[in-house]
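Secondary and tertiary structure notes
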Amino acid sequence: MKILFLGDVMGRAGRQAVSQGLPKLREAWKLDFVVVNGENATSGMGLSAAHARGILEAGADCVTLGDHAFDQKDMLQFCEAEPRIIRPLNFSKSAPGKGARLFEARGGRKVLVCQALGQVFMKRPFDDPFSATEQVFRTHPLGGQASAVIVDFHCEATSEKMAMGHWCDGRASLVVGTHTHVPTADAMILKKGTAYLTDAGMCGDYDSVIGMQRDEPLRRFITGMPKERFTPALGEVTLSGVYIETDDKTGKATRIEMVRQGGRLPSAGPSPVA
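Computed from a prediction, not measured in an experiment: that's the story for all the values here.

Some details on the overall build of the protein chain
- Secondary structure assignment for the protein chain yields six helices and 14 strands.
- Scaling as 2.2 N^0.38, a compact globule of 274 residues should have a C-alpha radius of gyration of about 19 Å, and the protein chain matches this with 17 Å.
- With the C-alpha coordinates aligned to their principal axes, the bounding extent of the protein chain is approximately 55 × 45 × 35 Å.
- Counting the 274 residues in the protein chain, one finds 56% classified as buried.
- A separation of at least 24 residues holds for 63% of the contacts in the protein chain among residues at least 6 apart in sequence.
- By element, 52% of the accessible surface of the protein chain is carried by carbon and sulfur atoms, the whole surface being about 11900 Å².
- Distance between charge centres in the protein chain, computed from 33 positive and 31 negative side chains, equals 2 Å.

This is the structure in structure tokens:
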């Protein structure tokens, strides 16, 4: 299979770039399955039902969330009604929705998508992400009913993300980090066949401070005092993420490429897009 994962969609500019760019990528790269992290698509804080629909209509097969999963209150109901929304596995046990789900990709093949939240440097304590993913792997072993398994690990620390990659090696097709909005340069296939990238980056304006207009973050860093709310930057957007190809029999990765399309960052991907 040919699978694309796009990192955190940041505000209105990010949503517009996904709606305009994702259909072109699906066609150009003949994608079988697409996952988009929509964590910050609504004003940089969470995801509304309307904006989730827009990302799905643009060509995402699944939308993952993160620690801001329910900042937009209508997501509490929407993620129960819309099975293509995945919230973190190790969020509150009373949280609505699912943290892992089996989807049907092109050609009838099955893809399992799950998401977990890290614990290091996060503002709230979450349950152990390693034991949470272990339960998913026991239920859906790679190469069984699931032709591919994708793990979105939403956390701050690069060390914790790397540890999750090795924990999942051989049991997932892809482990990709989200949350920091900065793409890392370590795309690789681990020893047992799992594609790995520490952070997919964001679908946002990189002439910013992790997607926010620069003035207010700069003021807070320099003075230690807030004056205004953070506001998503509205400049030209780079779509950032990762592309993988998998073996249908084993579910393991055979290829991984970093993805950067448009905006300020140098272009990257499996092939040029017109």
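Here we look at the sheet that holds strand 3 (residues 33-37)
- If you trace the six strands from one edge of the open sheet to the other, you get 5-4-3-1-13-14, paired in mixed fashion. Strands at the two margins of the open sheet, each flanked by one partner only, are strand 5 (85-86) and strand 14 (253-261).
- Sheet contacts for helix 1 (residues 11-28): strand 1 (2-6), strand 3, strand 13 (239-246) and strand 14; angle to strand 13, the most-contacted strand, approximately 25°.

Describing the packing of aromatic side chains
- For the coordinates displayed, the defined rule picks out six aromatic pairs.
- Pairing Trp 29 with Tyr 243 gives two aromatic rings, centres 6.0 Å apart and planes at 65°, and the pair type is edge-to-face. One end of the pair, Trp 29, is in the loop between helix 1 and strand 3; the other, Tyr 243, is in strand 13, and 214 residues separate them in sequence. The pair Trp 29 / Tyr 243 is uniform in exposure class, with both members buried.
- Measuring from ring centre to ring centre gives 5.9 Å for Phe 130 and Trp 167, while their planes differ by 85°; the resulting arrangement is edge-to-face. Of this pair, Phe 130 sits in helix 4 (residues 129-139) while Trp 167 sits in helix 5 (residues 158-168), and the two are 37 residues apart along the sequence.

Description of helix 1
- With 18 residues, helix 1 extends 25 Å from end C-alpha to end C-alpha; this agrees with the ideal 26 Å at 1.5 Å per step.
- Bending of helix 1 peaks at approximately 35° at the position of Gly 21, with proline Pro 23 no more than four residues after it.
- Looking at the buried positions of helix 1, the neighbouring elements they touch are strand 1, strand 2 (8-9), strand 3, strand 12 (202-203), strand 13 and strand 14.
- Once helix 1 ends, the next one or two residues include Lys 30, with phi positive near 50°.

Topic: helix 4
- Residues Pro 129, Phe 130, Ala 132, Thr 133, Glu 134, Val 136 and Phe 137 constitute the buried set of helix 4.
- Looking at the packing, one finds that the buried side of helix 4 touches strand 6 (100-104), strand 7 (110-117), strand 8 (148-154) and helix 5.
- With a side-chain oxygen positioned 3.0 Å from the backbone nitrogen of Phe 130, the residue opening helix 4 is Asp 128.

Topic: the pattern of salt bridges
- Applying the stated criterion across every chain yields a total of 16 salt bridges.
- Between Arg 26 and Asp 61 there is a salt bridge, with the nearest N and O atoms lying 2.9 Å from each other. Highlighted residues: Arg 26 in helix 1 and Asp 61 in the loop between helix 2 (49-57) and strand 4 (62-64), separated in sequence by 35 residues.
- Residues Arg 109 and Asp 32 are paired through a salt bridge, measuring 3.3 Å at the closest nitrogen-oxygen approach. Taken together, the positions of Arg 109 in the loop between strand 6 and strand 7 and Asp 32 in the loop between helix 1 and strand 3 put the pair 77 residues apart, joining distant regions of the chain.

A short note on the pairing of strand 9 (residues 174-178)
- Taken across its five residues, strand 9 has five buried, putting it largely inside the fold.
- Alternating residues of strand 9 divide into Leu 174, Val 176 and Thr 178 and Val 175 and Gly 177, and every residue in both groups is buried.
- Note that strand 8 and strand 9 share five bridges and pair parallel. Looking at strand 9, one finds that Val 151 is bridged to Val 175.
- Note that the unit made of strand 8, helix 5 and strand 9 has a crossover that is right-handed.
- As paired strands, strand 9 and strand 11 (residues 195-197) are joined by three bridges and run parallel to one another.

Cut-offs applied
Residues numbered from 1 in each chain as written. Predicted model: local features only at pLDDT ≥ 70, side-chain atom pairs only at ≥ 80, totals over all residues. Heavy atoms only, no water. Helix = DSSP H or I, 4+ residues; strand = E, 2+ residues; numbered from the N terminus. Rg over C-alpha atoms; globule rule 2.2 N^0.38 Å. Buried < 20%, exposed > 50% of the residue type's maximum accessible area, 1.4 Å probe, protein only. Contact = heavy atoms within 4.5 Å. Areas by Shrake-Rupley, 256 points an atom, 1.4 Å probe, with all protein chains shown as cover. Lys, Arg positive; Asp, Glu negative; His and termini not counted. Charge placed at Lys NZ, Arg CZ, Asp CG, Glu CD. Pairing = 2+ DSSP bridges. Axes fitted to C-alpha atoms, helices over the stretch in contact; angles between N-to-C directions. Phe/Tyr/Trp six-rings, centres within 6.5 Å; stacked < 30°, edge-to-face > 60°. Expected span 1.5 Å × (residues − 1). Bend = angle between axes of the 7 residues up to and from the residue. Polar contact = N/O pair within 3.5 Å; in protein donor to acceptor, adjacent residues only side chain to side chain. Salt bridge = Lys/Arg side-chain N within 4 Å of Asp/Glu carboxyl O. Right-handed = clockwise from strand over helix to strand, strands pointing away.

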